[in-house]
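In case you want the letters, here they are:
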Amino acid sequence: MLSMVLLGTGNVARHLFDVFSAHREIQLVQVVGRNEKTLSYFRKNANTSNSFKNISDADVYIIAVSDTAIESVSQQLTAKKGLIVHTSGSASIMELRANERNGIFYPLQTFSKNRAANFQNIPIC
């Protein structure tokens, strides 16, 4: 089983949460976000926290925050051993330079709250 922490609570995070929650091979350990109101959506299938200082251990950390916040969020993960990726198609991998194991997980799709995403048809770059 692959353990995962999702950092962020916006549209991309929400769609990733929905697809990952549906798979038994993935354990969503935690969702971390600043906004308590948007965190409430994620509480049904994962522990949540509004503190980026108390991030659980996991195999994979997906940073799904605004491009301007990627670097500061990744710096909260420097002691973590898992793979750390961001979901931006326009931010450099250098935003994750503080982390040894890093990458980009970019779904080539525009996401909205009111439209379901079919990840079987979405290319991942």
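Cut-offs used in this document
Residues numbered from 1 in each chain as written. Predicted model: local features only at pLDDT ≥ 70, side-chain atom pairs only at ≥ 80, totals over all residues. Heavy atoms only, no water. Helix = DSSP H or I, 4+ residues; strand = E, 2+ residues; numbered from the N terminus. Contact = heavy atoms within 4.5 Å. Areas by Shrake-Rupley, 256 points an atom, 1.4 Å probe, with all protein chains shown as cover. Salt bridge = Lys/Arg side-chain N within 4 Å of Asp/Glu carboxyl O.

Q: Sorry if this is basic, but what is going on with the overall build of the protein chain here?
A: Scanning the protein chain for helices and strands turns up 3 helices and 6 strands. Counted over contacts in the protein chain with a minimum sequence separation of 6, partners at least 24 positions apart contribute 44%. Split by element, the accessible area of the protein chain, about 7,200 Å² in all, is 47% carbon and sulfur.

Q: Would you mind going over the pattern of salt bridges with me for this structure?
A: Where charged atoms from two side chains of opposite charge come close, those side chains can pair. Under the definition given, this model contains 3 salt bridges. Of the charged contacts in the structure, one is a salt bridge between R43 and E36, with a shortest N-O distance of 2.7 Å. The shortest N-O distance in the salt bridge between D57 and K80 comes to 2.9 Å. With a gap of 23 residues between them, D57 in the loop between strand 3 (47–49) and strand 4 (60–63) and K80 in the loop between helix 3 (70–75) and strand 5 (83–86) connect regions that are remote in the sequence.

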